[in-house]
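Now for the letters of each chain:
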Amino acid sequence: VSSALLPLFITTLNDRPWESRRAFFEHAAHLAAPLGIASVSSFLLPCIEQALNHEPVHEVVTATWQCMSYLVTKNLLRTKVSMHYAAKAISLAFGPKHAVHHACLGFLATLCKHLGTAGTFAFIAPMLPDLCEFGQRRPK
């Protein structure tokens, strides 16, 4: 796969069958990985952003989060980009679609493992809501 072919693969995202879009995200990270972080940033991340913001089929969204997890394991996301998607994953992790929130939590777990303990406490922990409060404020 070359950087010339990767844009051609993106055309599958315009296919009507959602299975084509899911297949794209199931395989895109593996195809982009040998090309490096520049190709991922230029071609794949805009597709991921589009899917996470506008894709109505939760199977495609789940495959998108799994794609993101793979990119983290291959060190193909810059820290700033990872934090952007971590915030998005946290906001979706408690949504109504079980498969989607499971995939979001999987991405966060992969990212935390990649960051290590110090990175997780420095970058991820401040983004987490106080889950013990269940939406209620403690009296002062």
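Above: the structure in question.
Every residue gets a number counted from 1 within its own chain, in the order that chain's sequence is written. Owing to the predicted nature of the model, reporting of local features is limited to residues with pLDDT of at least 70; listing and counting of side-chain atom pairs is limited to 80 or more, with chain, interface and lining totals taken over all residues. Remark: hydrogens and water are excluded; side-chain values derive from all non-hydrogen atoms of the structure.

S.K.: Lay out the packing of aromatic side chains with the relevant residues and their values.
M.R.: For Phe, Tyr and Trp, where Trp contributes only its six-membered ring, two rings pair if their centres lie within 6.5 Å, and the inter-plane angle classes them as stacked under 30 degrees, edge-to-face over 60, or tilted in between. Applying the stated criterion to the full structure yields 2 aromatic pairs. Centre to centre, the rings of Phe24 and Phe25 are 5.0 Å apart; their planes meet at 85°, and the pair counts as edge-to-face. On the basis of an interplanar angle of 50° and a centroid distance of 5.2 Å, the ring pair of Trp65 and Phe107 is categorised as tilted. Taken together, the residues Trp65 in helix 4 (residues 58-73) and Phe107 in helix 6 (residues 98-124) connect sequence positions 42 residues apart. Only protein chains enter the accessibility calculation, which uses a 1.4 Å probe; a residue whose area is less than 20% of its type maximum is buried, one above 50% is exposed, and one in between is partly exposed. For Trp65, a relative accessible area of 0% puts it in the buried group. Relative accessible area serves as the criterion here: at 0%, Phe107 is assigned to the buried category. Counting from the N terminus, the helices are DSSP H or I runs at least four residues long and the strands are E runs at least two residues long.

S.K.: Give a detailed account of helix 6, specifying residues and quantitative values.
M.R.: Side chains that are three or four residues apart share a direction in an α-helix, a result of its 3.6 residues per turn. By this rule, a helix spans an expected 1.5 Å times one less than how many residues it contains. With 27 residues, helix 6 extends only 22 Å from end C-alpha to end C-alpha; this falls clearly short of the ideal 39 Å at 1.5 Å per step. Of all the residues in helix 6, the buried ones are Val100, His101, Ala103, Cys104, Phe107, Leu108, Leu111, Gly119, Thr120 and Ile124.

S.K.: For the pattern of salt bridges, give the residues involved together with the corresponding values.
M.R.: Just to be clear on terms, a salt bridge is a Lys or Arg side-chain nitrogen sitting within 4 Å of an Asp or Glu carboxyl oxygen. With the rule as written, the count across this model stands at 3 salt bridges. Linking Glu55 and Arg21 is a salt bridge whose minimum nitrogen-to-oxygen distance equals 2.8 Å. With Glu55 in the loop between helix 3 (37-54) and helix 4 and Arg21 in helix 2 (residues 18-32), this pair connects stretches of sequence that are 34 residues apart. Residue classification places Glu55 among the buried residues on the basis of a relative accessible area of 16%. Residue classification places Arg21 among the buried residues on the basis of a relative accessible area of 12%. Residues Glu49 and Lys88 are paired through a salt bridge, measuring 3.3 Å at the closest nitrogen-oxygen approach. Taken together, the positions of Glu49 in helix 3 and Lys88 in helix 5 (residues 79-92) put the pair 39 residues apart, joining distant regions of the chain. The buried category is assigned to Lys88, whose relative accessible area is 16%.

S.K.: Kindly report on helix 4, identifying the contributing residues and their values.
M.R.: Its 16 residues give helix 4 an end-to-end C-alpha distance of 23 Å, which sits within 8% of 22 Å, the value for a rise of 1.5 Å per residue. Every buried residue belonging to helix 4 is among Val60, Val61, Thr62, Ala63, Thr64, Trp65, Cys67, Met68, Ser69, Leu71 and Val72, and all of these are buried. Throughout, a contact is declared for two residues whenever any of their heavy atoms are within 4.5 Å. Turning to helix 4, the residues buried within the fold contact helix 2, helix 3, helix 5 and helix 6. Among the residues trailing helix 4, Asn75 stands out with phi positive, at a value near 60°.

Read these as geometric descriptors, not functional statements.
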